[in-house]
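The lines below spell out each chain.
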Amino acid sequence: MLHNAGLAVTLRKLLEQQKLHFVFQPIVDMARSTVLGYEALMRGPAGSALERPDDLLRVAKHCGLASELEIAACKGAIREFSALQLPGKLFLNLSAPLITAFGREGGGELLRCAVDAGLSPARLILELTEHERVEDTSALQTAFAALAGQGVGLALDDFGDGRSSLRLWAQLKPQVVKLDKFFVRGIHRDSRNVEVVRAILNLCTAFGTPLVAEGVEEAEELAVLRDLGCHFGQGYLFGRPTACPDADFCQAARAVLQSSKISVLPNSAPRPDMAETVGRLKVPAPTIAASACNEDLMQLFTDHPDLQAVAVVDKYYPVGLVNRRNFVDKFAQRYSREIYGRRPCTLFMNATPLRVEASAPIDSLIAVLTSATCTKASSSPRTDVTPGWPPARAWCAPSPSGASRQRATPTRSPSCRATSPSPSTSAACSTPA
């Protein structure tokens, strides 16, 4: 008891003084042989009784500091990841109660931390852990939707470990599912695990969800997963968790991915082409800073007569969308230029556009676009559909590294905006007025 009390005091000091440390492990795109992102793993002081994450979590639960520990770990990992300037996405482990809490406030605390650290929220992936503690699925589903609307990705961790649920997968619609390492270890020696992974990949095809195989440690395991069509991989073979990881992954794993040797027959159903995503719709387009005034916005539309909408960005993060027709109609009214000209351009923007991950399959937009089209039609006094309805366009914010701004043009759809503040891109949609 005294030992636990002493550890509780130590933990409180760690949280107050922000003494948690973090290591990062790469997650690799098997088809492209590139790094998708990194999972953040917390650590206590080296050599102490609280160095291991399991000990940190055990003591935190014992003394009622579980939520405080998760929040501190989440914020600390975001700051360190940004400071390291690593490419790709950041995967963060969070429990259902904390994801629900973040979602309830629209991701406010989480998004503020990311933006303050110079990291786009679109680069965050929250991994749902401890599935057995999911008591209110409806609240969690609402939280997932709210966070996804802000560009944050969601992942279902340890699928197949006995605690995870196919029902959760279907209800929560995560952007990524992570396969439990049990089915990966020794898969080249176990035909039953091969068939299990094959079946799960068929589910991934049906749900439009990519799969991350965790715990890849042997070249033979990776070869089988590659041939089965697994999308992403994570494990010691790609790279061990380190405080300062490389921007690349192990050459031994790269050699396996590039090998033409076949280890197992691939799925009869072809793997969905991960290039067929919302992101491939992007084309260059300008954006405007949230600090700009309406006169600057009017000049931007004047200089780009084909621009039907423009994304408003703040610190490389999209905060809204301005529709050209609505803005010009209002700004052209008598005395509008004198009244509104020097006021911020955020005055006329839609601050709540629907955001969609650019890595999401294009087919996943069908329900969104159909719903928006039906809503627009039902609210209109007209019962016919006008031929040649103006196609929508999508815009992206520039990345800190100077990547080009992007615009996408789906056909006969609500207007969409894709944001690209990082190597991992997200998209946003809103119905034109």
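All values reported here derive from a predicted model rather than from experimental measurement.

Asks: What is the right way to look at the sheet that holds strand β11 (residues 309–314) in this model?
Replies: Hydrogen bonds along the backbone pair up the strands of a sheet, which may run parallel or antiparallel. The strand order across the open sheet formed by 3 strands is β10-β11-β12, and the pairing between neighbours is mixed. Looking at the sheet topology across the chains shown, the edges are occupied by β10 (287–289) and β12 (317–323). Sheet twist, expressed as the mean angle between neighbouring strand axes with direction ignored, is 35°. Pairing geometry for β11 and β12, over 6 bridges, is antiparallel. Paired with A311 across the bridge in β12 is L321.

Asks: How should helix α8 (residues 191–207) be read in this particular structure?
Replies: Residues that lie three or four places apart on an α-helix share one face, since the helix turns once every 3.6 residues. For α8, spanning 17 residues, the distance from its first C-alpha to its last is 24 Å, which sits close to the expected 24 Å at 1.5 Å a residue. N193, V194, V197, R198, I200, L201 and C204 are the residues of α8 that are buried. End-on, the buried residues of α8 take up no more than an arc of 165°, which puts them together on one face. Of the residues in α8, the exposed ones pointing more than 90 degrees away from the buried face are S191, R192 and A206. Immediately downstream of α8, the backbone of G208 shows phi near 70°, a positive value.

Asks: What exactly am I supposed to notice about the pattern of salt bridges here?
Replies: Side chains bearing opposite charge may pair, as long as their charged atoms lie close to each other. Enumeration over the complete set of coordinates arrives at 15 salt bridges. Between K178 and E127 there is a salt bridge, with its nearest N and O atoms 2.9 Å apart. Highlighted residues: K178 in strand β6 (residues 176–179) and E127 in strand β4 (residues 124–129), separated in sequence by 51 residues. Taking the relative accessible area as the measure of exposure, K178 reaches 0% and is therefore buried. In this structure, R226 and D227 form a salt bridge, with 2.9 Å as the shortest nitrogen-oxygen distance. In this structure R226 comes out as buried when scored by relative accessible area, which is 15%. A residue is classified by how much of its surface remains accessible, and D227, at 13% relative accessible area, is buried.

Asks: Quick question: what am I supposed to make of the environment of E218 here?
Replies: By the secondary structure assignment, E218 is in the loop between β7 (211–213) and α9 (219–228). Classification of E218 by relative accessible area gives partly exposed; the value is 31%. Distance in space between the C-alpha atoms of E218 and R185 is 8.3 Å, their sequence separation being 33 residues. Those residues in contact with E218 that lie beyond four places of it in its chain are H188, R189 and L237.

Asks: What should I look at first to understand the sheet that holds strand β8 (residues 232–234) in this one?
Replies: One closed barrel holds the 8 strands; their spatial order is β1-β2-β3-β4-β5-β6-β7-β8, and the pairing between them is mixed. Put simply, the sheet's adjacent strands are angled 30° from each other on average, direction ignored. Pairing of strand β3 (residues 89–95) with β4, which is carried by 6 bridges, proceeds in the parallel orientation. Considered in β4, the bridge of S95 is made with T129. Strands β1 (21–29), β2 (34–43), β3 and β4 of the sheet are contacted by helix α3 (residues 66–84), whose axis makes an angle of about 175° with β3.

Asks: Sorry if this is basic, but what is going on with the packing of aromatic side chains here?
Replies: Aromatic rings in a pair are described by how distant their centres are and how their planes are angled relative to each other. Here the structure, examined in full by the defined rule, presents 10 aromatic pairs. Ring centres of F327 and F331 lie 5.2 Å apart, and the angle between their planes is 15°; this geometry places the pair in the stacked category. Here F327 and its partner F331 are both found in helix α12 (residues 324–331), 4 residues apart, which amounts to about one turn of the helix. Measuring from centroid to centroid gives 5.5 Å for Y340 and F348, while their planes differ by 80°, and the two rings are edge-to-face. By relative accessible area, which is 18% here, F348 ends up buried. Taken together, the ring pairs connect F301, F327, F331, Y340 and F348 into an aromatic cluster. Here the guanidinium or amino end of R240 rests over the ring plane of Y236, the centre of that ring lying 3.9 Å away.

Asks: Would you mind going over the state of the cysteines with me for this structure?
Replies: Working definition: the covalent bond between the sulfur atoms of two cysteines is a disulfide. Tallying each qualifying case throughout the model produces 0 disulfides. Lacking any disulfide linkage, C113 is separated from the closest cysteine sulfur, that of C74, by 6.7 Å. Judged by its relative accessible area of 10%, C113 is buried.

What counts, and at which threshold
- Residues numbered from 1 in each chain as written.
- Predicted model: local features only at pLDDT ≥ 70, side-chain atom pairs only at ≥ 80, totals over all residues.
- Heavy atoms only, no water.
- Pairing = 2+ DSSP bridges.
- Helix = DSSP H or I, 4+ residues; strand = E, 2+ residues; numbered from the N terminus.
- Axes fitted to C-alpha atoms, helices over the stretch in contact; angles between N-to-C directions.
- Expected span 1.5 Å × (residues − 1).
- Buried < 20%, exposed > 50% of the residue type's maximum accessible area, 1.4 Å probe, protein only.
- Arc of directions from axis to C-beta.
- Salt bridge = Lys/Arg side-chain N within 4 Å of Asp/Glu carboxyl O.
- Contact = heavy atoms within 4.5 Å.
- Phe/Tyr/Trp six-rings, centres within 6.5 Å; stacked < 30°, edge-to-face > 60°.
- Lys NZ or Arg CZ within 6 Å of the ring centre and 35° of its normal.
- Disulfide = S-S within 2.5 Å.

Function cannot be inferred from these measures alone, as they are strictly geometric.
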